[in-house]
Amino acid sequence: MSSKYIVLAKMSRRIFAAIIDLLIMLIFSFIIFFPCGLYNAVLDQDSYDKNLSQLRDIYASTGLYIEFGDAMVNIASIQDFEASKPDELNHFTYEYEDEKYEIYLVDAITNFYLSKGNESGILSETYSLDVIKRDLFLIRDSEENSTSNIKDLYLDEADNKYKISFFDSEDANAIKLTSDTLNNILVEINNSISSNKSISNLLHQNDMIMVYSVLYLIPVTFGVSIILYLIIPLLAPTGETIGKFIFGLGVLSEDGYSLKRIYLIPRFLGFYLVDFLLGIVSFGVVFVISYMMFCFTKKRRAVEDYFGKSVVIDKKQSSWFKNKDEEEQIKMYDGDVLL
């Protein structure tokens, strides 16, 4: 080699190399953090389980939830009201993992407004049965005045359950009116439950416990990125990462000589702090801006290139010297002109 010529990396190849490096970093970070058990080690499991237990108690006390394993399921979510027969709106059987559950929907709704809503802390207002009939089930004194098809809400003394009777139990439109009425009541109940301060506080606390635990992923990614973006480039001939190696790219100094190893450190910090962390915070905007700089700078440099005083080249099409002294020595011996 008697002359120097530098071909800068194409944007497409550099972006694909960056994507590969990023995927490798994220995959290894997630493997270390989740399958290897680090997440469980940093999670405040006792507080999380305590809050979860309180939530289950509140949900169970409403009378509108059934416990399926570790999950509390609203009984409204397991019944298709549009396809229901009238009698199934009062009572239906649900099977889950060979277990049968008897669901008394109208009874659960009525008792929620009569007592269980107050006991669970969801409702602050006391409802009478007459108010429930008039304002919730929209029961009127005649079919002509009614908009819900519900004739009456009554206590069936045979099984001590509240039930509804119908003006018309055969007409599909009439059945749909009844279904819509019950759906509206359940929507109102769910709104009351979701806006309850005790429930929202417990949910928020558990969300924050998970968020704080996931924050430990940052030092994990930092450790993995040190290996992928600093240790490997330090060992590589031209400071390349795995992605750059795959696409035949290398890193040189901004004036086209071999990059001094010390400059790989600020280059790494520029990538991790700006491209990666700020890229996450900005939902990828900073990462895109960094690589858009590639299009508008003379030497096609991203943010980390400015930190590391470097350029990214196509190794197969480039020829370079270790430093200026080596270049002068070569020129002295063969008399070639620098290109």
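Quick caveat, the model's predicted, so the values are computed rather than measured.

**Structural notes on the overall build of the chain**
And then number 1: Of regular secondary structure, the chain possesses 14 helices and 8 strands.
And then number 2: For 339 residues, the compact-globule estimate of 2.2 N^0.38 gives 20 Å, and the chain exceeds it by more than 25% at 34 Å.
And then number 3: Burial analysis of the chain (339 residues in total) assigns 40% to the buried set.
And then number 4: Contacts in the chain between residues far apart in sequence, at least 24 positions, make up 66% of those at least 6 positions apart.

**Topic: a nonpolar patch on the surface**
And then number 1: Taken together, the side chains of Phe16, Ile19, Leu23, Ile27, Phe28 and Ile31 make up a nonpolar region of the molecular surface, amounting to roughly 570 Å² of accessible area.
And then number 2: Here Ile19 is to be found in helix α1 (residues 11–33).
And then number 3: Overall, Ile19 belongs to the partly exposed group, its relative accessible area being 38%.

**Digging into the packing of aromatic side chains**
And then number 1: Under the defined criterion, the tally for this structure stands at 13 aromatic pairs.
And then number 2: Both rings, one in Phe33 and one in Phe34, keep their centres 4.9 Å apart while their planes meet at 90 degrees; by these two values the pair is edge-to-face.
And then number 3: Taking the relative accessible area as the measure of exposure, Phe33 reaches 0% and is therefore buried.
And then number 4: Using a relative accessible area of 34% as the deciding quantity, one classes Phe34 as partly exposed.
And then number 5: Their ring planes at 45 degrees and their centres at 5.3 Å tell us that Phe34 and Tyr39 sit as a pair that is tilted.
And then number 6: For Tyr39, a relative accessible area of 14% gives the class buried.
And then number 7: A cation sits over an aromatic face here: Arg301 above Tyr306, 4.3 Å from the ring centre.

**Comments concerning the nonpolar core**
And then number 1: Judged by nonpolar contacts, the single largest core of 40 residues is most densely connected at Leu64, Ile109, Tyr113, Phe137, Leu153, Ile185 and Ile189.
And then number 2: In terms of residue count, helix α5 (residues 105–119) provides more of this core than any other element does, 6 residues in total.
And then number 3: Contacts of Ile109, omitting those with residues within four sequence positions, involve Leu64, Phe137, Leu182, Ile185, Leu186 and Ile189.
And then number 4: By size, the runner-up hydrophobic cluster in this structure holds 17 residues, among which are Ala9, Ala17, Leu228 and Val251.

**Section: the confidence of the model for the chain**
Parts of the model with low pLDDT should not have their predicted coordinates read in detail.
And then number 1: For the chain, the average pLDDT comes to 87, and 96% of its residues sit at 70 or higher.
And then number 2: Mean pLDDT across the elements of the chain ranges from a minimum in helix α14 (residues 324–334), with 76, to a maximum in helix α10 (residues 242–246), with 96.

**So, the packing of helix α8 (residues 197–215) against helix α9 (residues 217–235)**
Describing two packed helices takes the angle between their axes plus the distance from one axis to the other.
And then number 1: The contact between α8 and α9 brings their axes to 5 Å, and the two run at 20 degrees. One element, α8, and the other, α9, form an angle in the roughly parallel class. Contacts from Ser213, Val214 and Leu215 of α8 reach α9 at Leu217, Ile218 and Pro219.
And then number 2: Considered class by class, the residues forming the contact of α8 with α9 number 5 nonpolar, 1 polar and no charged.

Parameters at a glance
Counting of residues starts from 1 at the beginning of each chain's written sequence and follows it residue by residue. Local features are withheld for residues below a pLDDT of 70 in this predicted model, meaning they are given only at 70 or higher, and side-chain atom pairs are given and counted only at 80 or more; totals for whole chains, interfaces and linings count all residues. For the side-chain quantities, the full set of heavy atoms in the structure was used; hydrogens and water were omitted. For the purposes of this entry, the term helix denotes a DSSP run of H or I that reaches at least four residues, the term strand denotes a run of E that reaches at least two, and both are numbered from the N terminus. The atom set for the radius of gyration is the C-alpha atoms, and the globule formula is 2.2 Å times the number of residues raised to the power 0.38. Each residue is assigned to one of three classes by its accessible area relative to the maximum for its type, calculated with a 1.4 Å probe on protein chains only: buried under 20%, partly exposed between the two thresholds, exposed over 50%. The contact criterion used throughout is that any non-hydrogen atoms of two residues lie within 4.5 Å. To count toward a patch, a residue needs a relative accessible area over 30% and no salt bridge; like charges are then connected within 9 Å, while nonpolar side chains (Val, Leu, Ile, Met, Phe, Trp, Tyr) are connected within 5 Å. Using a 1.4 Å probe, the Shrake-Rupley method yields the accessible areas, and only the shown protein chains count as cover for residues. Salt bridge, as used here: a side-chain nitrogen of Lys or Arg that lies within 4 Å of a carboxyl oxygen of Asp or Glu. Paired rings are identified among Phe, Tyr and Trp, the last through its six-membered ring, by centres lying within 6.5 Å, and are further divided according to the angle between planes into stacked (under 30 degrees), edge-to-face (over 60) and tilted (the rest). To sit over a ring, a charge needs its Lys NZ or Arg CZ within 6 Å of the ring centre and within 35 degrees of the ring normal. Side-chain atoms within 4.5 Å are what join buried Ala, Val, Leu, Ile, Met, Phe, Trp, Tyr and Cys residues into a set we call a nonpolar core. Here pLDDT means the predictor's own confidence in every residue, given as a number from 0 to 100. Here, axes are lines fitted to C-alpha atoms. For helices the fit covers the stretch in contact, and angles between N-to-C directions go from 0 to 180 degrees. Roughly parallel means an angle under 35 degrees; roughly antiparallel means over 145; roughly perpendicular covers 65 to 115; every other angle is labelled oblique. Asp, Glu, Lys and Arg are counted as charged, while Ala, Val, Leu, Ile, Met, Phe, Trp, Tyr, Cys and Pro are counted as nonpolar; the rest, among them Gly, fall into the polar class.

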